[in-house]
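Residue-level structure breakdown
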Amino acid sequence: MPIHGEVCVAWNTASMEDALRVVIVAGGAAHFKTINSVCEKSGYSVVSCLLARSVKSGSPILPSSAAVIGELLEVIPGGMDLVLPGSAAGLADALPGYRPDVIVACGFPWKFPAAVLRIPELGVLNIHPSLLPKHRGPMPIAWAIRNGDTGFGLTVHRMDEEFDTGEILSSRGGILLDEDPTPERLWGRMDPVIHDLLPDALNKVVAGIPGLPQDAGEASYESSFEPGFYRVDWSNTAVVVHNQVRALRSLGTGPVAQIGDRRIRVLRTRLDPGEGERVECADGPLWIVESTSV
């Protein structure tokens, strides 16, 4: 443990020219603000921010990209570059110019090829919202909710050429999943945990600590939801439908449901009697608390 403190002090007291150079790979403004805050407090120098504008390298630009870019431009420091790569090949060409010592990613949907992983001397770190090796994949919190979990975890791990399989540097479980898991509320729970875990992980990479290999026997991987999951089937149990609504709520949307001659998007439900519209599921009633017309 003393070595971590010694290394941290060495970096924190260094001049900005000698400070650890960090490239942040962010899924949005909230991701950037949190990671940038950790780096500032630790005395590290953030030299650029990178944002994926598509789900996969070289694929069409996401319709939401313009709004996300606008939010990032409101929080990114003046003079710092915002990089919007179109492909992994372009990323491999652009990143060396920033001379990063380490790359820290959160909410980035692409696989980094070996050419990118080799660029920073200390490696690429990823912040994954599950207790790895469980719930590998692009939407771990939503899958945890769908499966009926009451909580989730956070893991900072080294990134390799596969999704979420690299050595674990720091992790913590027991983060509560409440009845209304909006993206904003979830990030509010994740932010303080990242502030605790990320400095520890950065200290370890500076100290040359490789991290703990993941136990493949305990691993689970879940991809994106199947198209049918975005429609409500009232022949399912009330708990299944309730968790379906909560899972999609965590992604900022909701499933479409048919009620008589109305077609609605269900945003919030409750299992106990109370406010809302009562509907019948396979084993009993469910109350729709919030919805929009489709």
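Note that residues are indexed from 1 along each chain, following the sequence as it is written. With the structure being a predicted model, the display of local features is reserved for residues of pLDDT at least 70 and the display and counting of side-chain atom pairs for 80 or more, all residues being used for whole-chain, interface and lining totals. Side-chain figures throughout are based on the complete set of non-hydrogen atoms in the structure, without hydrogens or water.

To summarise the sheet geometry, strands pair through backbone hydrogen bonds and adopt either a parallel or an antiparallel arrangement. Two strands pair under a simple rule: DSSP has to find at least two bridges between them. A run of H or I in DSSP counts as a helix once it spans at least four residues, and a run of E counts as a strand once it spans at least two, with each numbered from the N terminus. Spatially, S3-S2-S1-S4-S5-S6-S7 is the arrangement adopted by the 7 strands of the open sheet, whose pairing is mixed. On the outer flanks of this sheet lie strand S3 (81-83) and strand S7 (168-176), each paired with one strand and no other. Shown here is a sheet whose adjacent strand axes are inclined to one another by a mean of 20°, direction ignored. Sheet topology places strand S2 (residues 45-51) next to S3; 3 bridges connect them, and they run parallel. Lines fitted to the C-alpha atoms define the axes, with helices restricted to the stretch that makes contact. Angles between their N-to-C directions range from 0 to 180 degrees.

Examined against the element boundaries, Asn 243 turns out to sit in helix H8 (residues 238-249). Relative accessibility under 20% of the residue-type maximum defines a buried residue, over 50% an exposed one, and the middle range a partly exposed one, all with a 1.4 Å probe and only protein chains included. Note on Asn 243: relative accessible area 10%, which makes it buried. A polar atom in the side chain of Asn 243 sits 2.9 Å from the side chain of Arg 246. Residue contacts are counted whenever heavy atoms from the two residues lie within 4.5 Å of one another. The residues contacting Asn 243, other than those within four sequence positions of it, are Ile 145, Arg 146 and Gly 148. Throughout this description, a polar contact denotes any pair of N or O atoms lying within 3.5 Å of each other; where both atoms belong to protein, one of them has to be capable of donating a hydrogen while the other can accept it, and for residues adjacent in sequence the pair is counted only when both atoms sit in side chains.

What follows concerns the layout of surface pockets. The way it works is a 1 Å grid over only the protein atoms, where trapped points that fit a 1.4 Å probe form a cavity and open points with protein on both sides within 12 Å along at least five of seven lines form a pocket, and then any residue with an atom within 4 Å of a point lines it. Grid points are joined across faces, edges and corners, and a volume is the space filled by probe spheres set on the points. In this structure, the second largest pocket encloses a volume near 180 Å³. Ser 130, Leu 131, Lys 134, His 135 and Gly 153 are the residues nearest the centre of the second largest pocket, which is lined by 16 residues in total. Breaking the lining of the second largest pocket down by element, the ones donating at least two residues are helix H6 (140-146), strand S6 (151-158) and S7.

Now for the sheet that holds strand S8 (residues 256-259). Sheet architecture is open: 4 strands sit in the order S8-S9-S11-S10, paired in antiparallel fashion. On the outer flanks of this sheet lie S8 and strand S10 (277-281), each paired with one strand and no other. Direction aside, neighbouring strands of the sheet carry axes that sit 60° apart on average. Summarising the sheet, strand S9 (residues 262-270) and strand S11 (residues 284-293) pair through 6 bridges and their orientation is antiparallel. When the sheet's bridge partners are listed, Arg 268 is paired in S11 with Glu 290. In the packing of H8 onto the sheet, contacts are made with S9, S10 and S11, and the angle to S9 comes to roughly 95°.

Another point: helix H3 (residues 65-75). Regarding H3, the residues found buried are Ser 65, Val 68, Ile 69 and Leu 72. All buried residues of H3 fall inside an arc of 100° around its axis, so they share one side. Turned more than 90 degrees away from the buried face of H3, the exposed residues are Ala 66 and Glu 74. Looking at the buried side of H3, the elements it contacts are helix H2 (29-42), S2 and S3. An arc is given here, and it is the one of the directions from the helix axis to the C-beta atoms.

Relative to the elements of secondary structure, Ser 224 occurs in the loop between helix H7 (183-206) and H8. Along the primary structure Ser 224 and Leu 198 are separated by 26 residues, whereas in three dimensions their C-alpha atoms are 27 Å apart. Beyond its immediate stretch of four places on either side in the chain, Ser 224 contacts Pro 138, Met 139 and Trp 143.

Looking now at the packing of aromatic side chains. Two descriptors summarise a pair of aromatic rings, namely the distance from one centre to the other and the angle between the planes of the rings. When two rings of Phe, Tyr or Trp (its six-membered ring) have centres within 6.5 Å they constitute a pair, described as stacked for plane angles under 30 degrees, edge-to-face for angles over 60, and tilted for the intermediate range. For the structure shown, the criterion picks out 5 aromatic pairs. For the pair Phe 108 and Trp 110, a centre-to-centre distance of 5.2 Å together with 55° between the ring planes defines the contact as tilted. By relative accessible area, Trp 110 is classed as buried at 4%. For Phe 108, a relative accessible area of 12% gives the class buried. Taken together, the aromatic side chains of Trp 143, Phe 225, Phe 229 and Tyr 230 make up a single cluster linked through ring pairs.

Of all residues except glycine, most have a negative phi; of all peptide bonds, most are trans. Residues Leu 132 and Pro 133 are joined by a peptide bond in cis, for which omega reads 15°. Relative to the elements of secondary structure, Pro 133 occurs in the loop between strand S5 (124-128) and H6. Positive phi is not limited to glycine here, since Arg 99 has a value of about 45°. One can find Arg 99 in the loop between helix H4 (88-94) and strand S4 (102-106). What makes Arg 99 exposed here is its relative accessible area of 54%. Positive phi, normally seen in glycine, also occurs at Asp 164, with a value near 65°. In this fold, Asp 164 is placed in the loop between S6 and S7. The class of Asp 164 is buried, set by a relative accessible area of 8%.

Honestly, it's all geometry; don't read function into it.
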